[in-house]
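What the coordinates show
Listed below, chain by chain, are the residues.
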Amino acid sequence: MFSRATVDNEDILILAPLSVLPEFQNKGIGSALIKEGHKTACRLGYEYCAVLGSEKYYPRFGYVISSDYGIQPLKGIPTQNFMVVKLSAKAKNVNGYVKFAKEFGI
Ligand SMILES: CC(C)(COP(=O)(O)OP(=O)(O)OC[C@H]1O[C@@H](n2cnc3c(N)ncnc32)[C@H](O)[C@@H]1OP(=O)(O)O)[C@@H](O)C(=O)NCCC(=O)NCCS
């Protein structure tokens, strides 16, 4: 699932949750969902997507620690687990904290 959030008054996306049924895991489905999701998000005009997750999984899709793109880390979360990918080479620079949809309770 992708949901909308904001940084610096710019709309960005949050990727969460990502889930594949256990019997279908390790067949490339999670990767395909992420790549296709990124393409659609870019087509819709989103420039960044953030994720709170494993630093061993998401970097293969271009995610880097959020501060590399001027997005502040989340309080109380290890820096390496809050990552951001730039969806478009033309993305504007952003600076600030992510404001999550209220349903996240963050
Ligand atoms: C994470 C998840 C979506 C990956 O989906 P998938 O279809 O199995 O993933 P893919 O087949 O595209 O990729 C498999 C690779 O991801 C790695 N991987 C899977 N889950 C991982 C995890 N939690 N942490 C780190 N690496 C993980 C596998 O080791 C494998 O690595 P390899 O390519 O080096 O062998 C799936 O394992 C899942 O639903 N897990 C339970 C829910 C969950 O933890 N979601 C993530 C929330 S941040």
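Scope of this entry: the structure provided in the associated data block.

The rules behind these values
- Residues numbered from 1 in each chain as written.
- Predicted model: local features only at pLDDT ≥ 70, side-chain atom pairs only at ≥ 80, totals over all residues.
- Helix = DSSP H or I, 4+ residues; strand = E, 2+ residues; numbered from the N terminus.
- Rg over C-alpha atoms; globule rule 2.2 N^0.38 Å.
- Buried ≥ 20, exposed ≤ 12 C-beta atoms within 10 Å, placed from the backbone.
- Contact = placed C-beta atoms within 7 Å.
- Pairing = 2+ DSSP bridges.
- Expected span 1.5 Å × (residues − 1).
- Arc of directions from axis to C-beta.

Moving on to the overall build of the protein chain. A tally of regular secondary structure across the protein chain gives one helix and six strands. For the protein chain, whose C-alpha radius of gyration is 13 Å, the value lies close to the compact-globule estimate of 13 Å for 106 residues. Counting the 106 residues in the protein chain, one finds 24% classified as buried. Look at the contacts in the protein chain between residues 6 or more apart in sequence, and 59% of them connect residues 24 or more apart.

Looking now at the pairing of strand 1 (residues 2–7). Pairing geometry for strand 1 and strand 2 (residues 10–15), over six bridges, is antiparallel. Following the sheet pairing, R4 is matched in strand 2 by L13. Where strand 1 meets strand 6 (residues 98–99), two bridges bridge the pair, whose relative direction is antiparallel. Among the inter-strand pairings, V7 is bridged to a residue of strand 6, identified as V98.

Note: strands within a sheet are paired through backbone hydrogen bonds, in either parallel or antiparallel orientation. Overall, mixed pairing links the six strands, which are arranged 4-5-3-2-1-6 in an open sheet. This sheet does not close on itself; its edge strands, each paired only once, are strand 4 (64–65) and strand 6. Pairing between strand 4 and strand 5 (residues 82–86): two bridges, direction antiparallel. Pairing of V64 across the sheet is with V84, part of strand 5.

Once that is clear, we can look at the pairing of strand 3 (residues 48–52). Counted residue by residue, strand 3 has four buried out of five residues, so it is predominantly covered. In this structure, strand 2 lies alongside strand 3, joined through three bridges in parallel fashion. Note on strand 3: the bridge partner recorded for L13 is C49. Relative to strand 5, strand 3 is paired through five bridges, and the arrangement is antiparallel. Counted as the bridge partner of A50 is V84 from strand 5.

Right, let's get into helix 1 (residues 29–43). Given a rise of 1.5 Å per residue, 15 residues ought to cover 21 Å, and the 21 Å separating the end C-alpha atoms of helix 1 matches this to within 8%. Residues of helix 1 that are buried: I34, H38 and A41. Down the axis, helix 1 shows its buried residues gathered within 70° of arc, on one side only. Along helix 1, exposed side chains directed more than 90 degrees from the buried face belong to I29, A32, E36, K39, T40 and R43. Within two residues after helix 1, G45 carries a phi angle of roughly 100°, on the positive side.

Moving on: the environment of A91. Looking at the element boundaries, A91 is found in the loop between strand 5 and strand 6. Judged by local crowding, A91 falls into the partly exposed class, with 16 C-beta atoms found within 10 Å. Distance in space between the C-alpha atoms of A91 and G45 is 9.5 Å, their sequence separation being 46 residues. Excluding its chain neighbours within four sequence positions, the residues that come into contact with A91 are E47, Y48 and K86.

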